[in-house]
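Structural description and commentary
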Amino acid sequence: INNSGNLAVESGQTLAFYGNQVTSTGSLVAPGGTVMVLGERIGLFENAGIDVSSEMGGGTVLIGGGFQGQGDIPTAARTFIDTGVRINADAISPLSSGDGGTVLVWADEVTGFYGTISARGGSEGGNGGFVEVSGKEHLIFRGTVDTTAVNGLWGTLLLDPTDIVIANGSGDGATDGEDTFAGDNSGVAGTILSAPLSEIDDATPTTIYESELEGLSGDTNVILQATNDIRIEDLADDALEF
């Protein structure tokens, strides 16, 4: 399946793709509903968008599987989300008091995430949403996630690969800042979607730099959950502070 158009369903409904290889450069819209992009290989490219925002609260986006790859939702082997891709599951409108929605990104082997996810609570109330970006064997996390809530509790970001190393400093690359996960685009789409894991530039385990965690906006909840090990390296200031 290759979507290059702009597809939408009515409020609260479901828009779903399911195939062997599923790609999209267009937009998928289901206000307050559900968008599912499922298959063996999944790629969201260029300026593709998914939007399940609504005045009542954000809906649900499932890309490559369900929560932690569990349940009866088919799981992808490889998932890639490009730098220009934006996924929105916000509570919108000036008077909204709804909660942010749920966005789950999964792959059994490797996920390469370079895009933007927003699951914000409403301006008048409501909590931030829940976002999981995980690769069971390997995760390349170079995108941004926003689960803020102006008048509610901030939401949660879950990263769930096999191993995690929290490294000293901010060493992703020249474009890496102190308050972003963005770094070198070290895995092109073709590599992530088809090459053996050994050929992916970012070697296992998943590395997250100290500055990226410490630079997150206040009250952001972060869950780092590894199948095997989470290791904090020797930090120059001997402290990891949220």
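The structure presented is a predicted model; accordingly, all values stated were derived computationally and were not measured. (Residues numbered from 1 in each chain as written. Predicted model: local features only at pLDDT ≥ 70, side-chain atom pairs only at ≥ 80, totals over all residues. Heavy atoms only, no water.)

**Re the pairing of strand β13 (residues 130-133)**
- For strand β10 (residues 102-105) and β13, the ladder comprises four bridges, and the chain directions are parallel. Looking at β13, one finds that V103 is bridged to V131.
- Where β13 meets strand β16 (residues 156-159), four bridges bridge the pair, whose relative direction is parallel. The residue bridging F130 from the neighbouring strand is T156, located in β16. (Pairing = 2+ DSSP bridges. Helix = DSSP H or I, 4+ residues; strand = E, 2+ residues; numbered from the N terminus.)

**Details of the side chain of T23**
- Mapped onto the secondary structure, T23 falls in strand β3 (residues 14-24).
- Owing to a relative accessible area of 14%, T23 belongs among the buried residues under this scheme.
- Residues in contact with T23, not counting those within four places in the same chain, are I1, N2, N3, G43 and F45. (Buried < 20%, exposed > 50% of the residue type's maximum accessible area, 1.4 Å probe, protein only. Contact = heavy atoms within 4.5 Å.)

**Considerations on a negative patch on the surface**
- A surface patch of like charges, here negative, comprises D234, D237, D238 and E241.
- Within the secondary structure layout, E241 lies in the segment after β20 (230-232). (Patch = residues over 30% accessible without salt bridge, like charges linked within 9 Å, V, L, I, M, F, W, Y side chains within 5 Å. Areas by Shrake-Rupley, 256 points an atom, 1.4 Å probe, with all protein chains shown as cover. Salt bridge = Lys/Arg side-chain N within 4 Å of Asp/Glu carboxyl O. Lys, Arg positive; Asp, Glu negative; His and termini not counted. Charge placed at Lys NZ, Arg CZ, Asp CG, Glu CD.)

**As for unusual backbone geometry**
- Backbone geometry at Q68 places phi at a positive 55 degrees, although glycine is not the residue there.
- Positive phi values are uncommon outside glycine, yet D238 reaches one of about 55 degrees.
- Looking at the secondary structure, you find D238 in the segment after β20.

**Comments concerning the sheet that holds strand β6 (residues 49-51)**
- Judged by pairing direction, the sheet is parallel, and its six strands sit side by side in the order β2-β4-β6-β9-β12-β15 without closing on themselves. In the strand order of this sheet, the two ends are held by β2 (6-8) and β15 (144-146), each with one partner. Geometrically, the sheet is characterised by an average inter-axis angle of 5 degrees between neighbouring strands, direction not taken into account.
- Sheet topology places β2 next to strand β4 (residues 27-29); three bridges connect them, and they run parallel. By the bridge assignment, A8 is partnered in β4 with V29. (Axes fitted to C-alpha atoms, helices over the stretch in contact; angles between N-to-C directions.)

**Overview of the side chain of S134**
- Looking at the secondary structure, you find S134 in the loop between β13 and β14 (138-141).
- Of note is the side chain of S134, whose polar atom sits 2.9 Å from the side chain of E132. (Polar contact = N/O pair within 3.5 Å; in protein donor to acceptor, adjacent residues only side chain to side chain.)

**Some words on the packing of aromatic side chains**
- Counted under the stated rule, the structure contains four aromatic pairs.
- Both rings, one in F113 and one in F141, keep their centres 5.3 Å apart while their planes meet at 45 degrees; by these two values the pair is tilted. In this pair, F113 is assigned in strand β11 (residues 110-113) and F141 in strand β14, connecting sequence segments 28 residues apart. Across the pair, exposure class does not vary: F113 and F141 are buried alike.
- Here a set of aromatic residues connected by ring pairs shows up, and it is made of F45, F80 and Y114. (Phe/Tyr/Trp six-rings, centres within 6.5 Å; stacked < 30°, edge-to-face > 60°.)

**Looking at the pattern of salt bridges**
- Scanning all chains against the criterion turns up four salt bridges.
- As a salt-bridge pair, E109 and R78 come within 2.6 Å of each other at their nearest N and O atoms. Here E109 is found in the loop between β10 and β11, whereas its partner R78 is found in strand β8 (residues 78-81), with 31 residues between them in sequence.
- Since its relative accessible area comes to 26%, E109 is described here as partly exposed.
- Under the relative-accessibility criterion, R78 is labelled buried at 4%.
- One salt bridge in this structure joins E233 and R231, with 3.4 Å as the shortest N-O distance.
- With relative accessibility at 33%, the residue E233 sits in the partly exposed group.
- Looking at R231, the relative accessible area reads 47%, which means it is partly exposed.

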